[in-house]
Amino acid sequence: MKTIICRDKGSFNYLPYIKNGMIIYPADTIYGLGAYIYNAFANKRIFEIKKRSIQNPFIVLCDMDFVLKNVFVDETALNLLNLGATVILKNKTTLPFYVSKNGKTAYRLAVNPFMVKIVKKIPLTSTSVNVSAKQSINSTKKILQRYFGIVDIIIIGKTRNVASSIVDFENKVILREGYNAEAIKKFLGVV
């Protein structure tokens, strides 16, 4: 397999390849591994590469329009998304099983301006770049060494090098503390 390598500034030019394959991209917090949400074949390959249980669905990296179209939300949920949290929300539409469990999906808004442009056209699944239960890879050099020839596109860009905080919205519980955890805790009133 040939892997396309590009910088985030030029990534929008590769939209057809992104829609049809597996990509690694700067999800602003850490690098993400994903595919077009409706590309079942590419998402199946991600489960295989990661050795990840099919029972553990992916996050959806998207824009606010996608959230509003697919999710029951209120102002609190929207504020959490705008704080940079990954928020597990109840769906009002049916999404693929690999991003949905018990009618809920974990959503995260894209922040990197180039990724925002991409997910407006092609919402992506998102998971860390690693084999499940192993440490995430966030070094461009290591990503190229490990995934060149395995994924279709690697988009190079800046990340914060810390995973997102994950919030179970229904129970107002932080499942994983990560990026902006203190502001999220304060917003939720969690000590």
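Note that the structure is a prediction, hence the values are computed from the model and not measured.

Conventions used here
- Residues numbered from 1 in each chain as written.
- Predicted model: local features only at pLDDT ≥ 70, side-chain atom pairs only at ≥ 80, totals over all residues.
- Heavy atoms only, no water.
- Helix = DSSP H or I, 4+ residues; strand = E, 2+ residues; numbered from the N terminus.
- Rg over C-alpha atoms; globule rule 2.2 N^0.38 Å.
- Buried < 20%, exposed > 50% of the residue type's maximum accessible area, 1.4 Å probe, protein only.
- Contact = heavy atoms within 4.5 Å.
- Areas by Shrake-Rupley, 256 points an atom, 1.4 Å probe, with all protein chains shown as cover.
- Lys, Arg positive; Asp, Glu negative; His and termini not counted.
- Charge placed at Lys NZ, Arg CZ, Asp CG, Glu CD.
- Polar contact = N/O pair within 3.5 Å; in protein donor to acceptor, adjacent residues only side chain to side chain.
- Salt bridge = Lys/Arg side-chain N within 4 Å of Asp/Glu carboxyl O.
- Arc of directions from axis to C-beta.

Colleague: Is there a simple way to think about the overall build of the chain in this case?
Modeller: Along its length, the chain carries seven helices and ten strands. Scaling as 2.2 N^0.38, a compact globule of 191 residues should have a C-alpha radius of gyration of about 16 Å, and the chain matches this with 16 Å. Here the C-alpha coordinates of the chain stretch approximately 45 × 30 × 30 Å along the principal axes. A burial count over the chain gives 53% of its 191 residues as buried. Counting only contacts in the chain whose residues sit at least 6 apart along the sequence, the fraction spanning at least 24 positions is 65%. If you sum the accessible surface of the chain, you get close to 9600 Å²; carbon and sulfur atoms cover 54% of it. Distance between charge centroids for the chain: 8 Å, based on 28 positive and 12 negative side chains.

Colleague: Would you take a moment to explain the side chain of Thr 105 for this structure?
Modeller: One can find Thr 105 in strand S6 (residues 104–109). You can call Thr 105 buried: its relative accessible area is 1%. A polar side-chain atom of Thr 105 sits 2.8 Å from a polar atom in the side chain of Asn 91. Not counting residues up to four positions away in its chain, the partners in contact with Thr 105 are Val 60, Val 87, Ile 88, Leu 89, Asn 91, Leu 95, Val 99 and Ser 100.

Colleague: Help me understand the pattern of salt bridges in this model?
Modeller: A side chain with one charge can pair with a side chain of the opposite charge if their charged atoms come near. Evaluated as defined, the whole model comprises nine salt bridges. Lys 104 is the partner of Glu 170 in a salt bridge, and the nearest nitrogen-oxygen pair spans 2.1 Å. With Glu 170 in the loop between strand S9 (166–168) and strand S10 (173–176) and Lys 104 in strand S6, the pair connects residues that are 66 residues apart, well separated along the chain. Taking the relative accessible area as the measure of exposure, Glu 170 reaches 56% and is therefore exposed. Between Lys 185 and Glu 177 there is a salt bridge whose closest N-O contact spans 3.3 Å. Given the relative accessible area of 51%, Glu 177 is considered exposed. Residues joined by salt bridges that share partners form a network here, namely Asp 28, Arg 108 and Arg 160.

Colleague: Help me out: how do you make sense of helix H5 (residues 113–121) in this one?
Modeller: One turn of an α-helix holds 3.6 residues; hence residues three or four places apart share an orientation. When we look at burial in H5, the residues that qualify are Met 115, Ile 118 and Val 119. Burial along H5 is one-sided: seen end-on, the buried residues are contained in an arc of 90 degrees. The exposed residues of H5 that point more than 90 degrees off its buried face are Pro 113, Lys 120 and Lys 121. Where H5 is buried, its residues meet helix H1 (15–20), strand S2 (22–26), strand S4 (59–62), strand S7 (124–128) and strand S8 (153–156). Where H5 begins, one side-chain oxygen reaches toward the backbone nitrogen of Phe 114, 2.8 Å away; that side chain belongs to Asn 112.

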